[in-house]
Amino acid sequence: MCKELKNSEKYKILQLEFEKFYKAEREVLPEGKGFEILVLHDIERDLSDEEYKTLINSKTSDDVKKIIFNVLLMTKALSRDERLIIKYEFLDRENPVWWTQYFSRSQYYRRRKETVDKVYRLMF
């Protein structure tokens, strides 16, 4: 039987996965129109049909597209609060106390743990 990973271990794994996503997204961005509003900038919403088609038709490698689509599909299963946590914990980490605008300290740590568990399950 496999030992369950600690939340901190899951968090580190997710950091690596979202770093791959960030790099994949950056590879697509130079293609221009449509990509400046991908999930990195607005993970709180789903892609529009036009954005989805632009990504499908991009000249980017299938591996890069797969990384991006995996994250996009995973985020569809998340609540608004969970998307906020993903956005600010893994993608836009400029403000370490971003959560004070949305949660109390106990709510933040509880929701972050729940979100990390959920996202880990969805991705693996």
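Everything that follows concerns the structure shown earlier in this document.
From a predicted model like this one, the values you see are computed outputs, not experimental measurements.

The rules behind each value
Residues numbered from 1 in each chain as written. Predicted model: local features only at pLDDT ≥ 70, side-chain atom pairs only at ≥ 80, totals over all residues. Heavy atoms only, no water. Axes fitted to C-alpha atoms, helices over the stretch in contact; angles between N-to-C directions. Helix = DSSP H or I, 4+ residues; strand = E, 2+ residues; numbered from the N terminus. Parallel < 35°, antiparallel > 145°, perpendicular 65-115°, else oblique. Contact = heavy atoms within 4.5 Å. Nonpolar A, V, L, I, M, F, W, Y, C, P; charged D, E, K, R; others polar. Phe/Tyr/Trp six-rings, centres within 6.5 Å; stacked < 30°, edge-to-face > 60°. Buried < 20%, exposed > 50% of the residue type's maximum accessible area, 1.4 Å probe, protein only. Core = buried A, V, L, I, M, F, W, Y, C linked by side-chain atoms within 4.5 Å.

A. Representation of the packing of helix H4 (residues 80-91) against helix H5 (residues 105-123). One way to put it is that H4 packs onto H5 with a least axis distance of 10 Å and a crossing angle of 90°. Between H4 and H5, the angle falls in the class roughly perpendicular. Residue-level inspection shows Asp81, Glu82, Ile85, Ile86, Glu89 and Phe90 of H4 in contact with H5, the latter providing Tyr108, Arg111, Arg112, Thr115, Val116, Lys118 and Val119. Of the residues in the contact of H4 with H5, the class split is six nonpolar, one polar and six charged.

B. Fine view of the packing of aromatic side chains. Scanning the entire structure with this criterion turns up twelve aromatic pairs. Both rings, one in Tyr88 and one in Tyr102, keep their centres 6.4 Å apart while their planes meet at 25°; by these two values the pair is stacked. Taken together, the residues Tyr88 in helix H4 and Tyr102 in the loop between H4 and H5 connect sequence positions 14 residues apart. On the accessibility criterion, Tyr102 (32% relative accessible area) is partly exposed. Centre to centre, the rings of Trp98 and Tyr108 are 5.8 Å apart; their planes meet at 85°, and the pair counts as edge-to-face.

C. Focus on the nonpolar core. Core analysis: the largest hydrophobic core is formed by 19 residues, its most contacted members being Phe18, Ile68, Ile86, Phe90 and Val119. If we ignore the near neighbours within four places in the chain, the residues touching Ile68 are Phe21, Ala24, Glu25, Val28 and Leu55. Core analysis: the second largest hydrophobic core is formed by seven residues, Leu84, Trp98, Trp99 and Phe103 among them.

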